[in-house]
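Chains, contacts and geometry: an overview
Here is how the chains run, residue by residue.
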Amino acid sequence: MIALPNPINRERRALVERASVLAPRLGYNATALARVRILRTEAVLHNIPVLYKPGAVFVLQGSKQGILEGEIYLYDEDHYLAVSVPVPFRMESAASPERPLIAVYVEFDMQVAAEIAMHLEANAVLPVHNRPRSLVSSRMSNDIDDVLLRLLKALADPAEAHVLGAAILRELHYRVLVGPQGSAMIAALRQQGSAGKISRSLAWLREHYGSEISIADLAKDAGMSVASYHAHFKDLTGSSPIQYVKAMRLHEARLMIARGESTIAEVAALVGYVSPAQFSRDFKRHFGRTASQESAWVRRHLGEVG
């Protein structure tokens with residue numbers, strides 16, 4: 001079990017107070033900017049499968065940690081988590097009714113991130129870092145706190161959010177990419193070399209996860225042998241291609257079921273399963289609950305899911 005951090009300082013308290021106003025209910029709270037959500041939860045969670053889109057998570061109060069391939073990634077009041085490519089990992093968190101977890105989730109605009117990465121590389125702003133990382137945990141800085149405070153202030157006013165929101169989000173992208181682990185993030189974002197080929201595969205899978213998928217065809221499209229493709233894929237994501245596709249399908253199915261869009265059998269077919277029975281077995285093995293139980297859990301702990 002992870003411990004709750006020490007009491008927050010004055011600057012962090014201002015962030016928590018602003019975020020709390022914007023997140024009055026438990027679960028994910030939408031904001032005036034589509035790429036920004038605020039989570040409020042009182043639950044202590046253990047070994048929860050998650051699959052984040054590329055972006056960053058800033059925990060203003062409470063504590064989370066992710067586990068991927070035996071490595072622990074803290075994202076708490078002292079650290080933020082940045083995700084360059086979506087990878088399935090396990091998460092646990094600490095919170096309580098007296099001190100709920102408050103976190104700001106920012107989805108990257110990949111075009112903006114790529115433009116900033118190109119500029120930083122062209123101007124040799126970052127040290128060379130040859131190993132791309134799908135997840136990175138970095139210490140919070142005064143610059144990050146400052147831009148988050150301005151973002152939350154803008155979100156409280158629809159006019160400010162409309163006029164200033166995009167510029168503040170662009171600055172937040174920049175602050176993450178020039179942070180301590182920015183070079184590892186950029187190495188994954190720039191889509192060059194073997195990691196770039198895998199990143200393009202991941203983007204294709206994101207759009208076609210419900211289709212019939214051939215790992216041999218993915219390897220061919222990437223210009224790799226199947227063995228090489230497997231090795232580079234696991235190095236970047238921590239999963240084999242088959243495990244990754246299965247996790248993506250199950251996470252997408254989880255969202256569809258929680259939204260009540262279709263029956264469980266219909267969702268199974270939509271995400272690429274031929275057999276509803278196999279889908280049900282894989283779902284329970286992955287999430288530890290049946291699809292209907294998981295749907296109720298998601299609505300109770302996460303609220304509306306997008």
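Residues numbered from 1 in each chain as written. Predicted model: local features only at pLDDT ≥ 70, side-chain atom pairs only at ≥ 80, totals over all residues. Heavy atoms only, no water.

Ranked by size, the top nonpolar core spans 56 residues in total, and within it Tyr52, Phe89, Leu205, Tyr229 and Phe279 carry the most contacts. The element best represented in this core is helix 9 (residues 241–259), accounting for 8 residues. Other than its neighbours up to four places away in sequence, leucine 205 contacts Ile213, Leu218, Phe233, Tyr244, Val245 and Met248. One finds Phe108, Ala154, Ala184 and Ile186 within the second-largest nonpolar core, a separate group that totals 40 residues. (Core = buried A, V, L, I, M, F, W, Y, C linked by side-chain atoms within 4.5 Å. Buried < 20%, exposed > 50% of the residue type's maximum accessible area, 1.4 Å probe, protein only. Helix = DSSP H or I, 4+ residues; strand = E, 2+ residues; numbered from the N terminus. Contact = heavy atoms within 4.5 Å.)

It is worth spelling out helix 1 (residues 10–22) at this point. Its 13 residues place the ends of helix 1 19 Å apart at the C-alpha level, agreeing with the 18 Å of an ideal helix rising 1.5 Å per residue. If you follow the buried residues of helix 1, they end up packed against strand 1 (27–30), strand 2 (36–41), strand 4 (55–61), strand 9 (101–107) and helix 3 (142–155). (Expected span 1.5 Å × (residues − 1).)

A separate point is the sheet that holds strand 8 (residues 88–94). Pairing within the open sheet is antiparallel, and its 4 strands lie in the order 3-8-5-6. A single partner strand is all that each edge strand has here, and the edge strands are strand 3 (45–51) and strand 6 (71–76). The sheet shows a mean angle of 30° between the axes of neighbouring strands, direction not considered. Bridging between strand 3 and strand 8 involves 5 bridges; their strand directions are antiparallel. Within strand 8, the position partnered with leucine 51 by the bridge is proline 88. (Pairing = 2+ DSSP bridges. Axes fitted to C-alpha atoms, helices over the stretch in contact; angles between N-to-C directions.)

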